[in-house]
Amino acid sequence: MSAAVAERNAMAVCGPPTSKQLGCSGMKTHELLANLDAAKKQKIQNEKLRNMVLDTEELALKVHQQSFSAKPHAELSKLHARAGDMVKDYRSHLSYAHLRKFNVSRYMTACAQELQVRELMNPDDVPDLDPVNRLLEHLHDLKKHQSLRVLRSGDGGAGDAKWEWYVPVLEQGIQIVGKVQTLLADSKLKGAQWADLTAPVLGLLKDVMTQDVARSSLRTLEEQIRRLAFEIEEVAEQQQAAVSAGEMAQAEALYYRKIAMQEALADTITKQFDAIDRSADEIFQAPLRRVHEVHAKANQEIHALLRDREVLKKRCELDLASLTTEIERVNLDDYNVAKAASNTLERLNCHIKENALAQDVCWTEIQRLEKELARFGQERVEHIKQLMKTLEQEEKRKIEYQHFSEFSSQHKSLLELTIHNCELGEEVTDSVDEFISDNCNAIERRMRDTERDLEELRLEVHQKYLEHFRDMYLTIGDLQYKKEANVAALEEKIQVAHMQQEMHMESLNPKAKEFSQMKKDLSKNKDDLEKQINTLRQKSTLYIEAFKPTEQALIEAGRPFEHPVETLRKMNESRKVKLIAYHQLVSGEEGEAELSNERRVLQQLRLTPKPDSPT
């Protein structure tokens, strides 16, 4: 009775067994009621069979206790045959399939399983490939878009090189994602956790692909530079024409106009440096920072994912080893118990046969062995009860072993499936890590190329600035040289006027006043020219200071060039040599007419602008 009470309590706590107890969290109400009804019917049937056997043995015991005769002997033989048939029927119909609970929790504890069923892979699950498929379609769209941009541009410029660079990166990414897709198709894994890892790097890759090159930000400034350079050439032609026509005042005005335009050109070229610096932060430094941030975050998430998969795999392997050990132990115990039960049944059957033989002997000695026969009858009842008890225990053992075999088979399949998916998950994670690392490294290499392009662009701008600065500085130096020569000529005229004034003053000649006024006018012109020369000197100094960054950049880059100051110095020395040759020619035996002619040519050369020297 205590075993039956414990069994009913176990059923009340755990509920009846179901076919999906390893994978499901509950069952429907009508299934629960059906199982309870089947258990109740099976229990009633077992009790009925047991009571029938016991009742038959009780009747046999009563016959044993009566006075023996031929009729009781016949009745007893019939009852023994009937009881034997009932024992066989009891043995064939005895079942505990619904009375013994399929207790997963007990088996989990007995097999030392740490992982719960809900933590393992479900065989009914299907892989979720939609996120990976969308990722693969996105990569194909990006590749198709970049290929069309390369075909449409077709000018062989920097834009083509930038677009062509992304095509192999996208092709390699498509191969890796295809491998991930194949691995996930053979698993029960969800692809969203790996597809989400690639979203930041794909967004960064798309942003970098749509960026313009640094040279595009300089197009407006380059157009302004070309326009100013063209206008400077026109002014130079007008200046040359004015000098040829003898219009020195107009030529001087054109000098100042040319200098102003060259200053505007230098300012425009300087603005290119600011544009390059702004572009460098937008297309190089900011994307490079994002690449490092995205790669670092992806590495953290990938390491966490690999760590989780490795922990789950190790736990599954430990549970699988524990389950295998428990299966071996239970199989051995079941074999030993079954063997012991078989020996017991064989022994009991032998006892029953011996009992029947003993009764036959007793019937020949009824009078003498009446009491002994009654004792054997009571012993038979006890043997029959022990036999039924052994049969019940054996049936319970079979059901218990069947339940354990079903549990171990299902749970072993779940553990092996989970380990297989963990291994696939690790391979998928490694592939995604390779995809992210390749794209990040490719973008970083591209940013380094962009940095080198920016440096080359700066050197081109510095070289262009050198050419325009040389023209502007030589123009100012040429004008300054001619004005200084004009000041020297005015000083000679002032000295001659002073001498003429002194001579007329000695003779009280009224023309002394004219020479005095002439000297004042010449002095005023000289002061004006000296102010203009000082202004030109200040501008030259400012231009030299502004040229120093370009000078330093060209020197660091190893670009040979002649400094405009050195060029101006050589040009002025050449002029001085030429003037000395003119003075030597004048101091010879040439006539006064030839001397006057050379002076006019010299005066014209002073006011004629020097043509631009090549770099």
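Conventions used here
- Counting starts from 1 at the beginning of each chain's written sequence and moves along it residue by residue.
- Since the coordinates come from a predicted model, pLDDT governs what is reported: local features require at least 70, and pairs of side-chain atoms require 80 or more to be given and counted, while whole-chain, interface and lining totals use all residues.
- Heavy atoms throughout the structure, all of them, feed into the side-chain values; hydrogens and water do not.
- Only DSSP runs of H or I reaching four residues or more are called helices, and only runs of E reaching two or more are called strands; each is numbered from the N terminus.
- Categorising residues by exposure relies on relative accessible area from a 1.4 Å probe, with only protein chains included: less than 20% of the type maximum marks a residue as buried, more than 50% marks it as exposed, and the intermediate range marks it as partly exposed.
- Any two residues having at least one pair of non-hydrogen atoms within 4.5 Å are treated as being in contact.
- Note on areas: Shrake-Rupley with a 1.4 Å probe; residue coverage comes only from the protein chains shown.
- By nonpolar core is meant a set of buried Ala, Val, Leu, Ile, Met, Phe, Trp, Tyr and Cys residues that side-chain atoms within 4.5 Å join together.
- By convention in these notes, a salt bridge is any Lys or Arg side-chain nitrogen within 4 Å of a carboxyl oxygen on Asp or Glu.
- Each residue carries a pLDDT score, the predictor's own confidence in it, on a scale running from 0 to 100.
- Two cysteine sulfurs form a disulfide in these notes if their separation is within 2.5 Å.
- Put simply, a patch holds well-exposed residues, over 30% relative accessible area, that have no salt bridge, with like charges counted together within 9 Å and Val, Leu, Ile, Met, Phe, Trp or Tyr side chains within 5 Å.
- Each Phe, Tyr or Trp ring (for Trp, its six-membered ring) is paired with any other whose centre lies within 6.5 Å, and the angle between the two planes then decides the class: stacked below 30 degrees, edge-to-face above 60, tilted in between.
- Polar contacts, as used here, are pairs of N or O atoms within 3.5 Å; protein pairs need one atom able to donate a hydrogen and one able to accept it. Residues neighboring in sequence count only if both atoms are side-chain atoms.
- To estimate the expected span of a helix, count its residues, drop one, and scale the result by 1.5 Å.
- The seven residues ending at a residue and the seven starting there each receive a fitted axis; the angle between those axes is the bend at that residue.

Draft legend 1. Examining the overall build of the chain more closely. The number of helices and strands found in the chain is 13 helices and 0 strands. Its helices and strands taken in sequence order, the chain reads α-α-α-α-α-α-α-α-α-α-α-α-α from the N to the C terminus. The buried share among the 615 residues of the chain stands at 40%. Within the chain, contacts between residues separated by at least 24 positions form 86% of all contacts whose residues are at least 6 apart in sequence. Taken as a whole, the chain presents about 35000 Å² of accessible surface, with 53% of it coming from carbon and sulfur.

Draft legend 2. Summary view of the nonpolar core. L184, W194, F435 and I436 are the most contacted members of the largest nonpolar core, which has 39 residues in total. Elements with a minimum of two residues in this core: α5 (130-153), α6 (158-185), α7 (192-209), α9 (248-364) and α10 (366-506). Among residues more than four places away in sequence, those in contact with W194 are L184, L189, L305, R309, G425, V428, T429 and V432. Counting residues in hydrophobic clusters, the runner-up holds 38 residues, among them L228, V235, A266 and F469.

Draft legend 3. Main features of the pattern of salt bridges. Summed over the entire model, instances satisfying the criterion amount to 24 salt bridges. Ionic pairing is found between R226 and E223, a salt bridge with its closest N-O pair at 2.7 Å. Pair noted here: R226 and E223 are both in helix α8 (residues 219-244), with a separation of 3 residues, about one helical turn. Taking the relative accessible area as the measure of exposure, R226 reaches 48% and is therefore partly exposed. Between K483 and E252 there is a salt bridge, with its nearest N and O atoms 2.3 Å apart. With K483 in helix α10 and E252 in helix α9, this residue pair connects regions lying 231 residues apart in the sequence. On the basis of relative accessibility, which here comes to 5%, the residue K483 falls in the buried class. The exposure class assigned to E252 is partly exposed, which follows from its relative accessible area of 26%.

Draft legend 4. A look at the confidence of the model for the chain. Averaged over every residue, the pLDDT of the chain is 78; the share at 70 or more is 84%. Taken as a whole, residues 1-27 scores under 50 in pLDDT and shows 34 contacts with residues more than four places along the chain or in a different chain. Note on residues 150-161: pLDDT under 50 across the span, and 8 contacts to partners over four residues away in sequence or across chains.

Draft legend 5. Main features of the state of the cysteines. Enumeration according to the criterion identifies 0 disulfides in this entry. You can see C422 has no disulfide; the closest cysteine sulfur is in C316, sitting 5.2 Å from it.

Draft legend 6. Spotlight on the environment of H80. Its location among the elements puts H80 in helix α3 (residues 70-93). Along the backbone, H80 and A60 are 20 residues apart, and their C-alpha atoms lie at a distance of 7.7 Å.

Draft legend 7. Structural view of a nonpolar patch on the surface. Where nonpolar side chains cluster on the molecular surface, the patch consists of L32, L33 and L36 and spans about 250 Å² of accessible area. Looking at the element boundaries, L32 is found in helix α2 (residues 29-65). Assessed through its relative accessible area of 32%, L32 is described here as partly exposed.

Draft legend 8. A look at the packing of aromatic side chains. Taken as a whole and judged by the stated rule, the model has 6 aromatic pairs. Arranged with centres 6.2 Å apart and planes meeting at 20 degrees, the rings of Y465 and F469 form a pair that is stacked. Taken together, the residues Y465 and F469, both in helix α10 and 4 residues apart, mark about one turn of the helix. A single burial state applies to Y465 and to F469, both of which are buried. Centroid distance F547 to F561: 6.4 Å. Interplanar angle 80 degrees. Geometry classified as edge-to-face. One end of the pair, F547, is in helix α11 (residues 511-557); the other, F561, is in the loop between α11 and α12 (564-586), and 14 residues separate them in sequence.

Draft legend 9. View of the side chain of H462. Within the fold, H462 resides in helix α10. By relative accessible area, H462 is classed as buried at 8%. Within the structure, H462 has its side chain in polar contact with the side chain of T550 (distance 3.0 Å). Ignoring anything within four residues of it in the chain, the contact list for H462 reads F273, P549, T550, A553 and L554.

Draft legend 10. Highlighting the side chain of S431. Inspection of the secondary structure puts S431 in helix α10. Apart from the residues within four sequence positions on either side, S431 is in contact with I176, K179, V180 and L183.

Draft legend 11. Structural context of α11. For α11, with 47 residues, the first-to-last C-alpha span of 67 Å sits near the 69 Å given by 1.5 Å per residue. A bend of about 40 degrees at F547 is the largest found in α11, and the proline P549 appears one to four places after it. Note on α11: the residue one or two positions beyond its end, G558, has a positive phi of about 75 degrees.

Draft legend 12. Broad picture of unusual backbone geometry. Phi is positive for A112, close to 55 degrees, though the residue is something other than glycine. According to the relative accessible area criterion, A112 is partly exposed, its value standing at 46%.

Draft legend 13. Representation of α8 within the structure. In a regular helix each residue adds 1.5 Å, so 26 residues correspond to 38 Å; α8 covers 38 Å between its end C-alpha atoms and thus fits that length. Those residues of α8 that sit buried are L221, E222, I225, L228, A229, I232, V235, Q239, A242 and V243.

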